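# Results of the structural survey
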Amino acid sequence: VTATEAAPTANVGVTRLRKEDAHLVTGRTRWTDNIQLPGMLHLVLVRSPMAHARVSGVDVSAALEQPGVVAAYTGADLVDHWSGGLPCAWPVTEDMRTPVHLPLATDEVRYVGDAVAVVVAQTRAQAVDAAEFVDGPTTRCRS
Amino acid sequence: MQKAFHTEHGLQCGYCTPGMIMAAIDLVEENPDPTEEEVRAGLEGNLCRCTGYVNIVKAVRRAAAELRGEAPPADAEEGGVGVADVVQDEEDADRLRNMEVTP
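The residue count restarts for each chain, going from 1 along the sequence in the order it is written. Naming scheme: in the order in which they are written, chains are lettered from A and ligands are numbered from 1. Local features in this predicted model are restricted to residues whose pLDDT is 70 or higher, and side-chain atom pairs enter the listing and the counts only when it is 80 or higher, whereas totals over whole chains, interfaces and linings include all residues. With hydrogens and water stripped out, all remaining heavy atoms of the structure feed into the side-chain values.

Let us now look at the overall build of chain A. Looking only at helices and strands, one finds four helices and six strands in chain A. Under the DSSP-based scheme used, a helix requires at least four consecutive residues in state H or I and a strand at least two consecutive residues in state E, with every element numbered from the N terminus. Helices and strands in chain A line up, N terminus first, as α-β-β-α-β-α-β-β-α-β. Going through the 143 residues of chain A one by one, you find that 32% of them count as buried. In chain A, the share of contacts with a sequence separation of at least 24, taken over all contacts with a separation of at least 6, comes to 75%. Accessibility throughout is a Shrake-Rupley quantity obtained with a 1.4 Å probe, and a residue counts as covered only by protein chains that appear here. Of the accessible surface of chain A, which amounts to about 9,900 Å², a share of 55% is contributed by carbon and sulfur atoms. Under the scheme applied here, a residue whose accessible area is under 20% of the maximum for its type counts as buried, over 50% as exposed, and between as partly exposed, the area being computed with a 1.4 Å probe on protein chains only. The criterion used for residue contact is that any of the two residues' heavy atoms lie within 4.5 Å.

Okay, here's the thing in structure tokens:
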């Protein structure tokens, strides 16, 4: 055991006020959510309400008709553009199974909130509204 | 209200702070002397994922007292953030004093 020399300082036990509060309490902080760039578009994800289900025929055509919508894609639309899924950073055991996790589900959703489609619009409000027009029939998996 | 949030350490990352402060201002305008429970009910729906709500509630009650023209609540725990009536660091004090409130 090494003896530690007691070295009391003026700061131990003394309340310190934070130095970063001024911009935080006056609403002057820049979050990713309030960055505005010229010509910026807003993307909203459409997510699975089911924990485990097969995805069949997600339809973005009605969403595309909504005001301000620039594009809308399903997983199937984009699958050829992806080089792979989200890798597992730490396979705990050699036999651990790692399901393919693409940015958007193509055939099967595996958790509530798994993304199945995206809607891109000129404003966030337009994208949110249009996302409600994405139809996504799904079939529950039995497992 | 902004100064009270600072004094009571009512924020950490600051993400929920604008909503908390706006809701708190509205709350104390309607109820100048809210109890802890009334503050909690009044801020319901504003979620803080950093610190929890204890210091936020303290901040609102401190601001309410000051807005009523009273001394801030003296019931803060010994050694807790709430007793930081004296700003230790002059730089901190200046920064807060010179805080611009316009967006």
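Back to the write-up after that little detour.
Among the nonpolar cores identified, the biggest contains 22 residues, and B:M1, B:F5, B:M20, B:V39, B:L43, B:I56 and B:V60 are the most heavily contacted of them. Residue assignment for this core shows that the elements contributing at least two residues are α1 (21–25) of chain A together with α1 (2–7), α2 (17–30) and α4 (54–67) of chain B. Excluding residues within four positions of it along the chain, B:V39 makes contact with B:L27, B:P34, B:V57, B:V60 and B:R61. Among buried residues, the Ala, Val, Leu, Ile, Met, Phe, Trp, Tyr and Cys ones that are joined through side-chain atoms within 4.5 Å form a nonpolar core. By size, the runner-up hydrophobic cluster in this structure holds 20 residues, among which are A:A53, A:A63, A:A72 and A:V119.

We now examine helix α4 (residues 124–131) of chain A. Residue and element names in this part refer to chain A. Here α4 has its buried residues at A127, A130 and A131. All buried residues of α4 fall inside an arc of 100 degrees around its axis, so they share one side. Residues of α4 that are buried sit in contact with β1 (42–47), α2 (61–64), β3 (69–74) and β5 (115–121). Working definition: the arc comes from the directions between the helix axis and the C-beta atoms, pointing outward to the latter.

Now for the sheet that holds β5(A). All names here are of chain A. The pairing criterion for strands is at least two bridges between them, as found by DSSP. Read across the sheet, three strands follow the order β1-β5-β3 without closing on themselves; strand pairing throughout is antiparallel. At either end of the open sheet lies a strand with only one pairing partner, and these are β1 and β3. Neighbouring strand axes in the sheet, compared pairwise and without regard to direction, differ in orientation by 20 degrees on average. Strand direction decides the pairing type here: β3 and β5, joined by five bridges, are antiparallel. Paired with A71 across the bridge in β5 is V120. α4 rests against β1, β3 and β5 of the sheet, and its axis sits at about 25 degrees to β1. Axis definition: a line fit to C-alpha positions, over the contact stretch in the case of helices; interaxial angles, taken between N-to-C directions, run 0 to 180 degrees.

Don't take any of this as a statement about function, it's just geometry.
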